[in-house]
Amino acid sequence: MTTDDIQERLQNALELEDLLIKLDGSHANITAVSEIFADMSRVKKQQTVYAPLKDLIASGELHAVSIKTYTPTEWQREKKLAMLS
C-alpha cells in the first residue's frame, strides 16, 4: 500500500478539491478538502473519508488513520494561519 493507492481510492470515491496524505508504515495522516464537508457533523466527515479505506483497515494493511477535513474556505484560512506561525 502506497500513498498513491490511498489517494486513488479517496479521489474515486469523493469529490475532493485537495488531498494530502502522509504515510508512515501502516499509519496514514489524511487531509481532505471538499465542499461536501460543509454541512456534515465532525463524525460524518470522518466516516465519509474512512469508508473507502475500510477494507485496508480491516485487512491490517492500514493500522491507524488520522483524518482532517476542511471546506475550501476553511482550508484557505488554515493555510494562511500556518504561514503566520
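Predicted model only: the values in this text are computed from it and were never measured.

Rules behind the numbers
- Residues numbered from 1 in each chain as written.
- Predicted model: local features only at pLDDT ≥ 70, side-chain atom pairs only at ≥ 80, totals over all residues.
- Heavy atoms only, no water.
- Pairing = 2+ DSSP bridges.
- Helix = DSSP H or I, 4+ residues; strand = E, 2+ residues; numbered from the N terminus.
- Axes fitted to C-alpha atoms, helices over the stretch in contact; angles between N-to-C directions.
- Contact = heavy atoms within 4.5 Å.
- Salt bridge = Lys/Arg side-chain N within 4 Å of Asp/Glu carboxyl O.
- Patch = residues over 30% accessible without salt bridge, like charges linked within 9 Å, V, L, I, M, F, W, Y side chains within 5 Å.
- Areas by Shrake-Rupley, 256 points an atom, 1.4 Å probe, with all protein chains shown as cover.
- Lys, Arg positive; Asp, Glu negative; His and termini not counted.
- Charge placed at Lys NZ, Arg CZ, Asp CG, Glu CD.
- Buried < 20%, exposed > 50% of the residue type's maximum accessible area, 1.4 Å probe, protein only.

Caption draft 1: Main features of the sheet that holds strand 1 (residues 18-24). One open sheet accounts for three strands, arranged 1-2-3; its pairing is mixed. Since the sheet does not close on itself, it has two edges, and those belong to strand 1 and strand 3 (64-70), each with one partner. Between one strand axis and the next, the sheet turns by 10° as a mean value, whatever way the strands run. Along the sheet, helix 1 (residues 3-13) contacts strand 1 and strand 2 (27-33); its crossing angle with strand 1, the most-contacted strand, is approximately 145°. Contacts from helix 2 (residues 42-50) reach strand 2 and strand 3, with the element oriented near 120° to strand 3.

Caption draft 2: Molecular detail of the pattern of salt bridges. Following the criterion strictly, the structure yields one salt bridge and no others. Asp-55 is paired through a salt bridge with Arg-9; the nearest N and O atoms lie 2.7 Å apart. Separated by 46 residues along the polypeptide, Asp-55 in helix 3 (residues 54-59) and Arg-9 in helix 1 bring together distant segments of the chain.

Caption draft 3: Up close: a negative patch on the surface. A cluster of acidic residues, Asp-4, Asp-5, Glu-8 and Glu-61, forms a negative patch at the surface. By the element assignment, Glu-8 lies in helix 1. The class for Glu-8 is exposed, based on a relative accessible area of 51%.

Caption draft 4: Fine view of the side chain of Lys-45. On the secondary structure map, Lys-45 appears in helix 2. Setting aside chain neighbours within four positions, we find Lys-45 in contact with Phe-37, Met-40 and Thr-69.

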